[in-house]
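# Residue-level structural notes
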Amino acid sequence: MKTILFGVSALLTATVLNAQSAPVFTAAGFRSHVAFLADDLLEGRDTGSRGHEIAARHAASQFEGYGLVPGGEDGTWYQRVTFQKTVRGADRGSVTISGPGGEQRFAHADNVLTGLHPREPNLDLTAPLVFVGYGVEDERLKLNDYKGLNVKGAIVVTLRGFPKGLPSEEGAHISAMKGKAAELHGAIGMFVIATLQSQKAHPWAKSLEYANDPDYAWVQPDGQAFDEAPGIRARALLNEPAAAAAFAGAPRTLADIRLEADKANGVPRGFKLKTRATVKTSATWERVTSPNVIGLLKGSDPELSKQYTVLSAHLDHLGIKELTGEAPDADRIYNGALDNGAGVATLLEVARAAAAAPDRPRRSMLFIASTGEEKGLLGADYYARHPTVPIGQIVGNVDLDMPLLLYPFTDVIAFGANHSSIGPLVAKAVAPMNIQLSPDPMPEQGIFTRSDHYQFVRQGVPAVFLATGFANGGATKWGEFLANAYHSPKDDLSQKIDWEAGARFAEVNYRITRAMTDSDTPPLWFQGDYFGDTFAAKAARAARQ
Ligand SMILES: [Zn+2]
């Protein structure tokens, strides 16, 4: 009896003490941001649109109200990025494949999806085809799909994704670098064909929904659109009939290759195909500008405040789109309530709490609501290459993208947690809330390269991407959301969003960013880590935990 009484009174004291200093996160506070950002009036916040500009003013005005200072360019809240918007021409493009099976022409969106080159308005290119397996090359991972192959002047044909059995994050990265690898070997084009696994993760029908979308690239100071591998002039994704045409007369069948690729560590060898392809595309260009929104909270420690932690979330979404064959009265506004209204709401709530905390953060904190994420992580790429504070003083990044707030989550995933001391830091920071840190439950999605934090990683900054986990019903909700609502007009406020989960997610991220901001040592890459070794060879290391 006595012990229990003592226990109760101690607990009460703790609660009272906590109430004085701990920030409060509420369902209503969280909901207010998502409701504003996902309103039909913002028209889906497309990069370069008025709706996105209004969303940017919302973020800036909240930052100002919280007492942050402008962290953008010229003393403003904004870093304005100029983009080239490349729009498909009336001749929508085609791929013609010829060889032992005769000649077959596939119009764009008819079993081929052609990419648009940002520097070639009228492309008409013919080249032989060379199969290069997964088309990946990496010394550290001992992968070299180009060994013994001559692809100079050729279009390489690659399998989508990366060899089964590779860690998903390294795999997603080398997969994203395929164009660069092909360019280094002198190829001038790249075709991608599905594996058995990728057919399930990225069905052709879903890819077709992007067929009419313009392409975006940020514009360099010299006025040219930035392209990571400009030497790869032609790009296309091939569906079955087109892939079969490319393999006509090949020494090995595609079915056989796919079976090998479906085994753990299956790395099908490349070979010269007996076919060639002509790729035609036409495009027009426009320039649009769109801002990253940046708020700064100066740190309290005279020394540590020279270092910055970054919390980021993309503010843009897909805008308004018309899909072929849709009913005339179909909902066409991609409100992006969870993707990424929910991430931005989290960012704003954490900024509010950090600015109001009586115990000021020791390091400085940057809050970045980025643009152009849905166009290829472009706003974050631009920021990481043109940072408003020296990149060497940015010590860590937590990115928030599409937290699935449709159930009372009890675990979180931190994509990238295996690579740096941010992983253990996250686990420790969320433990008092009875939340577990879980490993990546969907490695086939290659999520590590699919949000803004990846651009910080490529500039050497340890980073994680935080999302809600698969426990407590999460697996089902993630499955349903990815199949039905992801990147569709259904990601709006009609979903049963659990606003209490939103408030909890904000608290989770407040605890994580505060831990990162206040710790004596900054986040460090683990010794021998792939990303640390690749992008921050000279940086200090932490022992792997
Ligand atoms: Zn998205």
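To keep things clear, this report deals only with the structure shown in the data block. Quick caveat, the model's predicted, so the values are computed rather than measured. (Residues numbered from 1 in each chain as written. Predicted model: local features only at pLDDT ≥ 70, side-chain atom pairs only at ≥ 80, totals over all residues. Heavy atoms only, no water.)

Looking now at the overall build of the protein. Scanning the protein for helices and strands turns up 16 helices and 23 strands. What you see for the protein is a C-alpha radius of gyration of 24 Å, in line with the 24 Å of a compact globule of 545 residues. C-alpha extents for the protein along the principal axes are approximately 90 × 50 × 45 Å. Counting the 545 residues in the protein, one finds 55% classified as buried. Sequence separation of at least 24 residues holds for 83% of the intrachain contacts in the protein that already meet a minimum separation of 6. The protein carries 54 positive and 60 negative side-chain charges, and their two centres are separated by 4 Å. (Helix = DSSP H or I, 4+ residues; strand = E, 2+ residues; numbered from the N terminus. Rg over C-alpha atoms; globule rule 2.2 N^0.38 Å. Buried < 20%, exposed > 50% of the residue type's maximum accessible area, 1.4 Å probe, protein only. Contact = heavy atoms within 4.5 Å. Lys, Arg positive; Asp, Glu negative; His and termini not counted. Charge placed at Lys NZ, Arg CZ, Asp CG, Glu CD.)

Side-chain positions along a regular strand alternate between the two faces of the sheet. Within strand β10 (residues 189–193), five of the five residues are buried, which leaves the element mostly enclosed by the surrounding structure. What you see with β10 is no split at all: Gly189, Phe191 and Ile193 on one side and Met190 and Val192 on the other are buried throughout. Where strand β9 (residues 155–159) lies against β10, five bridges are found, and the strand directions are parallel. Residue pairing in the sheet places valine 157 in a bridge with phenylalanine 191 of β10. Looking at chain direction, β10 and strand β12 (residues 234–238) are connected through five bridges and run parallel. Bridge pairing links valine 192 to leucine 237 in β12. (Pairing = 2+ DSSP bridges.)

Further remarks concern the coordination of the zinc ion. Within the protein, the atoms that donate to the zinc ion are Asp339 (OD), Glu374 (OE), Glu374 (OE) and His487 (NE2), at distances of 2.0 to 2.5 Å. Each of the four donor atoms bound to the zinc ion contributes to angles spanning 55 to 145°, and the resulting shape is irregular. Within one chain, the residues donating to the zinc ion are spaced in sequence as D-x34-E-x112-H. Of the two residues, glutamate 374 is situated in the loop between β17 (364–370) and α11 (378–385) and histidine 487 in the loop between α14 (474–485) and α15 (499–518); the sequence distance between them amounts to 113 residues. In terms of burial, glutamate 374 and histidine 487 fall into one category: buried. (Donors = N, O, S within 2.8 Å, 3.2 Å for Na, K, Ca; no water. Tetrahedral: all angles 85-135°; square planar, octahedral: opposite > 155°, others 65-115°.)

On to helix α2 (residues 27–37), then. Those residues of α2 lying buried are Ala27, Gly29, Phe30, His33, Val34, Ala35 and Leu37. Summarising the contacts, the buried residues of α2 are in contact with α3 (50–66), α10 (337–356) and α15.

What follows is about the side chain of serine 207. On the secondary structure map, serine 207 appears in helix α7 (residues 204–208). Of the residues examined, serine 207 reaches a relative accessible area of 14% and is grouped as buried. Beyond its immediate sequence surroundings of up to four residues, serine 207 is in contact with Leu113, Arg160, His202 and Leu237.

Taken N-terminus to C-terminus, the directions of α3 and α10 make an angle of 15°; their axes are 9 Å apart at the nearest point. Overall, the two elements α3 and α10 adopt an arrangement that is roughly parallel. Crossing angle aside, the handedness with which α3 passes α10 is right-handed. Taken together, the residues of α10 that come into contact with α3 (itself represented by His58, Ala59, Gln62, Phe63 and Tyr66) are Leu347, Leu348, Ala351, Arg352 and Ala355. (Axes fitted to C-alpha atoms, helices over the stretch in contact; angles between N-to-C directions. Parallel < 35°, antiparallel > 145°, perpendicular 65-115°, else oblique. Left-handed = near helix turned anticlockwise from the far one by under 90°.)

As a further point, take the environment of threonine 86. Among the secondary structure elements, threonine 86 is positioned in strand β2 (residues 78–88). Exposure remark for threonine 86: the relative accessible area of 2% places this residue in the buried category. For the pair formed by threonine 86 and lysine 538, sequence separation is 452 residues and the distance between their alpha carbons is 38 Å. At a separation of 3.1 Å, a polar atom in the side chain of threonine 86 contacts the side chain of glutamine 84. (Polar contact = N/O pair within 3.5 Å; in protein donor to acceptor, adjacent residues only side chain to side chain.)

A word on the packing of aromatic side chains. Think of a pair of aromatic rings as described by two things: how far the centres are apart, and how the planes are tilted against each other in angle. Taken as a whole and judged by the stated rule, the model has 17 aromatic pairs. Aromatic pair phenylalanine 83 and tyrosine 216: ring centres 6.5 Å apart, planes at 80°, arrangement edge-to-face. On the criterion of sequence distance, the pair formed by phenylalanine 83 in strand β2 and tyrosine 216 in strand β11 (residues 215–218) is long-range, its members being 133 residues apart. One exposure class covers both phenylalanine 83 and tyrosine 216, and it is buried. An angle of 80° between the planes, with centres 5.4 Å apart, marks the rings of tryptophan 218 and tyrosine 382 as edge-to-face. Placement of the pair is tryptophan 218 in strand β11 and tyrosine 382 in helix α11, with a sequence separation of 164 residues. Among the aromatic side chains, those forming a connected cluster through ring pairs are Phe448, Tyr454, Tyr530 and Phe531. The side chain of lysine 321 reaches across the aromatic face of tyrosine 334, ending 5.6 Å from its centre. (Phe/Tyr/Trp six-rings, centres within 6.5 Å; stacked < 30°, edge-to-face > 60°. Lys NZ or Arg CZ within 6 Å of the ring centre and 35° of its normal.)

To continue, consider the environment of alanine 369. Its place among the elements puts alanine 369 in strand β17. By relative accessible area, alanine 369 is classed as buried at 0%. With 47 residues separating them in the primary sequence, alanine 369 and glycine 416 have C-alpha atoms 20 Å apart. Excluding its chain neighbours within four sequence positions, the residues that come into contact with alanine 369 are Ala59, Pro291, Asn292, Val293, Ala313, Leu315 and Leu347.

On to the side chain of threonine 114. In this fold, threonine 114 is placed in strand β5 (residues 112–114). Given a relative accessible area of 5%, threonine 114 falls into the buried group. A distance of 3.0 Å separates a polar atom in the side chain of threonine 114 from a polar atom in the side chain of histidine 108. Excluding residues that lie within four positions of it along the chain, threonine 114 makes contacts with Arg88, Arg92, Ser94, Val95, His108, Arg235, Ala236, Val279 and Thr281.

Attention shifts here to the nonpolar core. Residues Phe63, Phe191, Phe247, Val293, Phe367 and Leu466 are the most contacted members of the largest nonpolar core, which totals 122 residues. In contact with phenylalanine 367, not counting residues within four places along its chain, are Phe63, Leu68, Val293, Ile294, Gly295, Leu297, Leu311, Leu347, Val350, Ala351 and Ala354. The next biggest cluster of nonpolar side chains, apart from the first, holds 13 residues, and it includes Val151, Ala181, Val192 and Ile232. (Core = buried A, V, L, I, M, F, W, Y, C linked by side-chain atoms within 4.5 Å.)

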